[in-house]
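Topology and contacts: notes
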Amino acid sequence: MKIIKIVQRIQKRIQTNDKKRKMMVFFLLFAGLCTACGNAGIEQTEPVIETTTSVEKETETISESKSETKAIATESSLASESVQNESGKTMQEIYEEIEKTVEQPEMIVLNDNYIANYYGIDLSLLEDYFFASAQEVIYADMIILMKVKEESSVQTVKDALDTMIAQKKLELENYLPEQFQIVEKSEVVVSGNYVYLVISEKAEEIQAVITEYFN
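Residues numbered from 1 in each chain as written. Predicted model: local features only at pLDDT ≥ 70, side-chain atom pairs only at ≥ 80, totals over all residues. Heavy atoms only, no water.

Next up on the list: the environment of Val-102. Along the chain, Val-102 falls in the loop between α2 (91–101) and β1 (107–109). Remark: the alpha-carbon pair of Val-102 and Lys-202, spanning 100 residues in sequence, is separated by 7.7 Å. Beyond its immediate sequence surroundings of up to four residues, Val-102 is in contact with Lys-202, Glu-205 and Ile-206. (Helix = DSSP H or I, 4+ residues; strand = E, 2+ residues; numbered from the N terminus. Contact = heavy atoms within 4.5 Å.)

Here you go:
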């Protein structure tokens, strides 16, 4: 009986050890699988990172290209404007420079209604303008400075001034012959989008000031 009990105990120990060994093998296999899965996950995410980085680089390149194009366009626009009016002065400011340089009869600034009705000019075509005329009717003196919005409208504005000159000649020819001669010598000048007219005995002096800003 003792021998049988001893044999049974040995068998139980063997069975217990087998279970432990099986558990150990299962644990090692499970750990290996987890490691393999982890590595596979890392390998799959790396191309995504590279793709994202590539897209970001392309986006930055496109953005830089647009910025450079915009900068070139801006520089070109500024260069074009500087050719016509390097100082950036308004028409009124240019007229004020004329007043400082050239002596004239008493002048008055014409309002929008008078300009539209007497000169027949559509003011919506103009970006900036200044109209001054002699206060006394015995003088034909006049200075008109305009910046036209669109180049396509320049001829329309010039034609309106030419019509006004023709009308003024008719008014003065038999009434004030000397002033008629001054008007006779005047002409409308176009420089880019700028249109101006000077009627004065000192037209050359006045035009010399204007051309500093328009040419």
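What follows concerns the sheet that holds strand β4 (residues 188–191). In spatial order, the strands read β1-β2-β3-β5-β4; together these five strands make up an open sheet with antiparallel pairing. Edge positions in the open sheet fall to β1 and β4, since each of these has one partner strand only. Recorded for the sheet is a direction-independent mean angle of 15° between the axes of neighbouring strands. Bridge count between β4 and strand β5 (residues 194–199): four bridges; the pairing is antiparallel. Bridged to Val-188 within β5 is Leu-197. Its contacts with the sheet place helix α3 (residues 112–119) against β2 (126–134) and β3 (142–148), and it is angled at close to 85° to β2. Each of β2, β3, β4 and β5 touches helix α4 (residues 154–172); the most contacted strand, β3, lies at about 165° to it. (Pairing = 2+ DSSP bridges. Axes fitted to C-alpha atoms, helices over the stretch in contact; angles between N-to-C directions.)

The subject of this paragraph is a negative patch on the surface. Among the surface-exposed residues, Glu-93, Glu-96, Glu-99, Glu-106 and Glu-136 lie close enough to one another that they form a single negatively charged patch. Position of Glu-136 among the secondary structure elements: in the loop between β2 and β3. With relative accessibility at 44%, the residue Glu-136 sits in the partly exposed group. (Patch = residues over 30% accessible without salt bridge, like charges linked within 9 Å, V, L, I, M, F, W, Y side chains within 5 Å. Areas by Shrake-Rupley, 256 points an atom, 1.4 Å probe, with all protein chains shown as cover. Salt bridge = Lys/Arg side-chain N within 4 Å of Asp/Glu carboxyl O. Lys, Arg positive; Asp, Glu negative; His and termini not counted. Charge placed at Lys NZ, Arg CZ, Asp CG, Glu CD. Buried < 20%, exposed > 50% of the residue type's maximum accessible area, 1.4 Å probe, protein only.)

Let's shift gears to the pattern of salt bridges. According to the stated counting rule, one finds five salt bridges in the structure shown. Of the charged contacts, one joins Lys-100 and Glu-97 as a salt bridge, the two residues approaching to 3.5 Å between their closest N and O atoms. In this pair, Lys-100 and Glu-97 are both assigned in helix α2, three residues apart and thus about one turn of the helix distant. Looking at Lys-100, the relative accessible area reads 65%, which means it is exposed.

A few words now on the packing of aromatic side chains. Applying the stated rule across the entire model yields eight aromatic pairs. A ring pair is formed by Tyr-129 and Phe-131, whose centres lie 6.2 Å apart and whose planes are at 75°; its orientation type is edge-to-face. One aromatic cluster is present, built from ring pairs that chain together Tyr-114, Tyr-118, Tyr-119, Tyr-129 and Phe-131. (Phe/Tyr/Trp six-rings, centres within 6.5 Å; stacked < 30°, edge-to-face > 60°.)

Turning our eyes to something else, we now look at the side chain of Ser-153. One can find Ser-153 in the loop between β3 and α4. What makes Ser-153 buried here is its relative accessible area of 12%. Among all residues touching Ser-153, those that are not within four sequence positions of it are Leu-125 and Val-148.

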